[in-house]
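Chains, contacts and geometry: an overview
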Amino acid sequence: MTWTPPEDHGQFRWGYDTPPGPPPHARSRALPVAASLVLALAVSGMGAVGLRVAGMDTGEPPPETGYLVEAPVPDPVRLADLETGMCVNGVFETAQAKYLFAVPCQDFHDGEVLAVFSAPDGRWPGKLVLKKLADTECAERTGVRIKAGTDSGDPLRQLTLIPSLQGWRDDQKIACLAVHRDEGQPQLLSPVRGGY
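Figured I'd write up the structure that's included with this text. (Residues numbered from 1 in each chain as written. Predicted model: local features only at pLDDT ≥ 70, side-chain atom pairs only at ≥ 80, totals over all residues. Heavy atoms only, no water.)

Observations regarding the state of the cysteines
Heads up, the rule is: In this description, a disulfide is simply a cysteine sulfur pair whose atoms lie within 2.5 Å. Strands here mean DSSP runs of E at least two residues long; helices mean DSSP runs of H or I at least four residues long; both are numbered from the N terminus. Burial classes follow relative accessibility: with a 1.4 Å probe on protein chains only, a residue under 20% of its type's maximum area counts as buried, one over 50% as exposed, and anything between as partly exposed.
In total, this model carries two disulfides according to the counting rule given. Each disulfide pairs two cysteine sulfurs, and for Cys87 the partner residue is Cys105, the sulfurs being separated by 1.9 Å. Residues Cys87 and Cys105 are joined through a disulfide that is right-handed, its torsion about the S-S bond being 100°. Separated by 18 residues along the polypeptide, Cys87 in strand E2 (residues 87–89) and Cys105 in the loop between strand E3 (99–103) and strand E4 (111–118) bring together distant segments of the chain. By relative accessible area, Cys87 is classed as buried at 2%. By relative accessible area, Cys105 is classed as buried at 13%. The residue that forms a disulfide with Cys138 is Cys176, at a sulfur-sulfur distance of 1.9 Å.

Structure follows, in structure tokens:
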């Protein structure tokens with residue numbers, strides 16, 4: 001049996017503002033069905049919580065999977081605040097970046113800061129002069145360690161970070177970093193050999 005809506009005479013049979021649809025008795029049967037579904041979902045959710053409370057969460061790792069560990073959020077470090085021995089990410093985005101991100105050297109990282117020194121005081125000498133100074137000084141200060149590679153055997157190359165014209169007044173530091181030798185910029189997983 002199918003329901004046929006009443007003829008439209010300016011008002012509906014069961015109220016003035018009710019849109020056409022199934023009569024009220026047909027809608028009232030849907031309410032208990034919907035309520036039953038909501039109740040069933042709530043009970044099954046409580047059962048899942050009960051399983052966790054009843055012994056699933058014992059504080060010991062599951063035998064085969066181990067713990068799921070949330071990765072720590074890296075600390076942002078201004079380029080002017082870099083220090084020798086820091087391992088950092090974001091090295092290859094420094095043309096626009098104001099920050100690098102300090103991470104433990106045993107975690108994946110873009111590079112390790114091997115030396116930091118200040119450029120001579122005075123007016124900003126220009127990018128080419130600073131780059132030449134950085135390449136020469138960093139090669140002298142870190143060349144042996146670059147050749148040594150990392151504890152895990154990764155080959156390295158030198159990368160220098162120089163101050164920009166905009167930051168020159170507040171920051172005249174030059175940083176010498178060790179990064180992976182491959183131009184594809186793979187990350188390192190251990191510190192550079194030789195310690196500090």
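Considering the nonpolar core
Quick note on the threshold: Throughout this description, the term nonpolar core refers to a set of buried Ala, Val, Leu, Ile, Met, Phe, Trp, Tyr and Cys residues connected via side-chain atoms within 4.5 Å. Two residues qualify as a contact provided that any one of their heavy atoms is within 4.5 Å of a heavy atom in the partner residue.
Val77, Leu82, Val88, Val91, Leu100, Ala102, Val113, Leu159, Leu161, Ala175, Leu177 and Val179 together form the largest nonpolar core, which totals 12 residues. Elements that contribute at least two residues to this core include exactly E3, strand E5 (156–161) and strand E6 (173–180). No other element matches the three residues that E6 contributes to this core. If we ignore the near neighbours within four places in the chain, the residues touching Leu159 are Val91, Ala175, Cys176, Leu177 and Val179. Ala115, Leu130, Cys138 and Cys176 belong to the second-largest nonpolar core, a separate cluster that totals nine residues.

Examining the side chain of Ser190
Here is the rule: By the criterion applied in these results, polar contacts are pairs of N or O atoms within 3.5 Å in which, for protein atoms, one can donate a hydrogen and the other can accept it, and in which residues neighboring in sequence qualify only through two side-chain atoms.
Among the secondary structure elements, Ser190 is positioned in the segment after E6. What makes Ser190 buried here is its relative accessible area of 9%. Within the structure, Ser190 has its side chain in polar contact with the backbone nitrogen of Asp151 (distance 3.5 Å). Side-chain polar atoms of Ser190 contact the side chain of Ser152, separated by 2.8 Å. Among all residues touching Ser190, those that are not within four sequence positions of it are Cys105, His109, Thr150, Asp151 and Ser152.

Everything listed is a geometric property; what it means functionally is a separate question.
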